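# A look at the structure
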Amino acid sequence: SAVISQKPSRDICQRGTSLTIQCQVDSQVTMMFWYRQQPGQSLTLIATANQGSEATYESGFVIDKFPISRPNLTFSTLTVSNMSPEDSSIYLCSVEVTGTGISGANVLTFGAGSRLTVL
Amino acid sequence: SQKIEQNSEALNIQEGKTATLTCNYTNYSPAYLQWYRQDPGRGPVFLLLIRENEKEKRKERLKVTFDTTLKQSLFHITASQPADSATYLCALDEGSYIPTFGRGTSLIVHP
């Protein structure tokens, strides 16, 4: 399955600043997914990024706060804007696994995540 | 409302025993139920899935059961080893979109 590289792996940021997280996939994929994982919480989908179109955001997430770019089929960025301590979390990039042989199932593979701490 | 419940308390077991983790859900109609493993500082890794019409699935020391009447899946690791220590996430896949994840249960296997 696809190999996903994310950077930075971790960062400590000041309140009010913005940070951009990069996600590189070793193969072309149609959709890329951005998740947030807060301490003790489940993975929460932020948005789906398709190449050539605007990202689709889940309820509770807005483009102004989490702008996403998807310039080609192997790369995406997520920016966390105007950060506050509540944005301290792990942010994960994900793509669907192909070739599982299980028709209709949506299996995901993930990057290692970017651990963000906002002071 | 929709809910996926996994024990928030860590499961502590001795090496060699069978670990059993539970995933309960409400107001979902999953076509598949998936299990992932997540180690500290890593993203989740897919382990196995079970279809709604399957009762049980095995892969090496792993076994998953799925009871759509009880709305529950059980995840078993037999002959557990300290290397099995991790957080295990269940995810409900209704087939039409990507899965929704539970918050996971931490498993600690003591030597």
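Here's a quick rundown of the structure.

### Section: the pattern of salt bridges
All names here are of chain B. Applying the stated criterion across every chain, the model contains eight salt bridges over all chains. The closest approach of N and O atoms between E54 and R51, which form a salt bridge, is 3.7 Å. Among the residues examined, R51 registers a relative accessible area of 29% and is labelled partly exposed. Note that E54 is salt-bridged to K57, the shortest N-O span being 3.8 Å. Judged by relative accessible area, K57 falls into the partly exposed class, the value being 25%. The network of salt bridges with common partners includes R51, E54 and K57.

### Re the side chain of A:T48
Here A:T48 is to be found in strand 5 (residues 43–50). Looking at A:T48, the relative accessible area reads 3%, which means it is buried. Setting aside residues no more than four positions away along its own chain, A:T48 makes contact with A:M31, A:M32, A:F33, A:A55, A:T56 and B:Y97.

### Regarding the packing of aromatic side chains
Under the counting rule described, the total for this entry stands at 11 aromatic pairs over all chains. Where A:Y35 meets B:F101, the ring centres are 5.9 Å apart and the plane angle is 90 degrees; that geometry is what we call edge-to-face. Remark: B:F101 occurs in strand 10 (residues 100–101) and A:Y35 occurs in strand 4 (residues 31–37); the pair is interchain, linking two chains. The interplanar angle of 35 degrees and the centroid separation of 5.3 Å between the aromatic rings of B:F75 and B:Y88 together place this pair among those described as tilted.

### Comments concerning the layout of surface pockets
Within this model, the largest pocket holds a volume of roughly 530 Å³. If you go around the largest pocket, you meet 28 residues; those closest to its centre are A:Q37, A:P39, A:I90, A:R115 and B:Q38. Sorting the residues of the lining of the largest pocket by element identifies strand 9 (89–96) and strand 11 (114–118) of chain A together with strand 9 (86–93) and strand 11 (105–110) of chain B as the ones contributing at least two each. Broken down by element, the lining of the largest pocket gets its largest block of residues, four residues, from strand 11 of chain A. Within the lining of the largest pocket, the residues separate by chemical class into six nonpolar, 17 polar and five charged. Considering the residues around the second largest pocket, the lining is formed by 16 residues, among which A:S42, A:L43, A:T44, B:T100 and B:F101 are closest to the centre. In terms of residue class, the lining of the second largest pocket is made up of eight nonpolar, six polar and two charged.

### Side note on the state of the cysteines
Counted under the stated rule, the structure contains two disulfides over all chains. Put simply, A:C23 and A:C93 are joined by a disulfide, and their sulfur atoms are 1.9 Å apart. Measuring the twist about the S-S bond at about -65 degrees, one finds the A:C23-A:C93 disulfide to be left-handed. On the criterion of sequence distance, the pair formed by A:C23 in strand 3 (residues 19–25) and A:C93 in strand 9 is long-range, its members being 70 residues apart. A:C23 sits in the buried class, given a relative accessible area of 0%. A sulfur-sulfur distance of 2.0 Å marks the disulfide that ties B:C23 to B:C90. The S-S bond linking B:C23 to B:C90 shows a torsion near 60 degrees; that makes this disulfide right-handed.

How each quantity is defined
Note on numbering: residues in each chain are counted from 1, in written sequence order. As they are written, the chains are lettered A onward and the ligands numbered 1 onward, keeping that order. Per-residue local features of the predicted model are confined to residues with pLDDT of at least 70, and side-chain atom pairs are confined, for both listing and counting, to 80 or more; whole-chain, interface and lining totals are unaffected and use all residues. For side-chain calculations, the full set of non-hydrogen atoms in the structure is used, while hydrogens and water are omitted. By definition here, a salt bridge exists when the distance from a side-chain nitrogen of Lys or Arg to a carboxyl oxygen of Asp or Glu is within 4 Å. Accessibility here uses a 1.4 Å probe with only protein chains present; expressed as a share of the type maximum, an area under 20% marks a residue as buried, one over 50% as exposed, and anything in between as partly exposed. The helix count covers DSSP runs of H or I at least four residues long, the strand count covers runs of E at least two residues long, and both are numbered beginning at the N terminus. Residue contacts are defined here by distance: any two heavy atoms, one from each residue, within 4.5 Å place the two residues in contact. Side-chain rings of Phe, Tyr and Trp, where Trp is taken by its six-membered ring, are said to pair if the distance between their centres is within 6.5 Å; with planes under 30 degrees apart they count as stacked, over 60 as edge-to-face, and otherwise as tilted. In this analysis the probe radius is 1.4 Å and the grid spacing 1 Å, with only protein atoms considered; a cavity is a set of points the probe fits into but cannot get out of, a pocket is an open set with protein on both sides within 12 Å along at least five of seven lines, and lining residues have an atom within 4 Å of a point. Grid points are joined across faces, edges and corners, and a volume is the space filled by probe spheres set on the points. Gly is placed with the polar residues, together with every amino acid not listed as nonpolar (Ala, Val, Leu, Ile, Met, Phe, Trp, Tyr, Cys and Pro) or charged (Asp, Glu, Lys and Arg). Disulfides are defined as pairs of cysteine sulfur atoms found within 2.5 Å of each other.

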